[in-house]
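Take a look at the letters that make up each chain.
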Amino acid sequence: MEVLLRIRKKGVLILPKSLREAAGIEEGEVLAEARDGVIVLRPFKLKEVEVDRRIVDELLREEGGLERRKMNGILREVRG
């Protein structure tokens, strides 16, 4: 499907409903990429993934420990 579109002064481009439907683009965000002088628009869809809760908890504990050590170092410098 080809459609002639007009780009407004500030770069605003309106995609007609028929074009959005043909490309599977819904209201929200799209991914845009410039390739060899061509702009490619693709629907942006979040992917759900399963995560092991134990790994997340472990990473959060490690990050918390790093932040505590960082804060303690800053406090030692301030108290100097």
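**Q** Even after reading the chapter, I still don't get the overall build of the protein chain, so can you show me in this structure?
**A** Looking only at helices and strands, the protein chain features two helices and two strands. Ordered by position from the N terminus, the helices and strands of the protein chain form the series α-β-β-α. Compactness check: the protein chain gives a C-alpha radius of gyration of 24 Å against a globular reference of 12 Å for 80 residues, more than 25% above the reference. Its C-alpha atoms give the protein chain principal-axis dimensions of roughly 65 × 35 × 25 Å. A burial count over the protein chain gives 5% of its 80 residues as buried. Residue pairs in contact within the protein chain that sit at least 24 positions apart in sequence constitute 3% of those at least 6 positions apart. For the protein chain, the exposed surface amounts to about 8200 Å²; the carbon and sulfur share of it is 53%. Here the protein chain holds 18 positive side-chain charges and 16 negative ones, and the gap between their average locations is 6 Å.

**Q** What is the right way to read helix α2 (residues 53-79) from this model?
**A** Side chains that are three or four residues apart share a direction in an α-helix, a result of its 3.6 residues per turn. Over its 27 residues, α2 runs 39 Å from end to end, which matches the ideal 39 Å to within 8%, given 1.5 Å per residue. G80 occupies a position one or two residues after α2 and carries a positive phi of about 30°.

**Q** Would you mind going over the pattern of salt bridges with me for this structure?
**A** When charged atoms on two side chains of opposite charge get close, those side chains can pair. According to the stated counting rule, one finds five salt bridges in the structure shown. E33 is the partner of R35 in a salt bridge, and the nearest nitrogen-oxygen pair spans 3.2 Å. Where R53 meets D57, a salt bridge forms, and the shortest distance between an N and an O atom there is 3.3 Å. In this pair, R53 and D57 are both assigned in helix α2, four residues apart and thus about one turn of the helix distant. Looking at R53, the relative accessible area reads 56%, which means it is exposed. What makes D57 partly exposed here is its relative accessible area of 28%. Among the charged side chains, a network of salt bridges with common partners joins E33, R35 and R42.

**Q** Looking at this model, I keep getting lost on a nonpolar patch on the surface. Mind explaining?
**A** Judged by side-chain polarity, M71, I74, L75 and V78 come together as a nonpolar surface patch covering roughly 360 Å² of accessible area. On the basis of relative accessibility, which here comes to 39%, the residue I74 falls in the partly exposed class.

Analysis parameters
Residues numbered from 1 in each chain as written. Predicted model: local features only at pLDDT ≥ 70, side-chain atom pairs only at ≥ 80, totals over all residues. Heavy atoms only, no water. Helix = DSSP H or I, 4+ residues; strand = E, 2+ residues; numbered from the N terminus. Rg over C-alpha atoms; globule rule 2.2 N^0.38 Å. Buried < 20%, exposed > 50% of the residue type's maximum accessible area, 1.4 Å probe, protein only. Contact = heavy atoms within 4.5 Å. Areas by Shrake-Rupley, 256 points an atom, 1.4 Å probe, with all protein chains shown as cover. Lys, Arg positive; Asp, Glu negative; His and termini not counted. Charge placed at Lys NZ, Arg CZ, Asp CG, Glu CD. Expected span 1.5 Å × (residues − 1). Salt bridge = Lys/Arg side-chain N within 4 Å of Asp/Glu carboxyl O. Patch = residues over 30% accessible without salt bridge, like charges linked within 9 Å, V, L, I, M, F, W, Y side chains within 5 Å.

Purely geometric stuff here, so don't read any function into it on its own.
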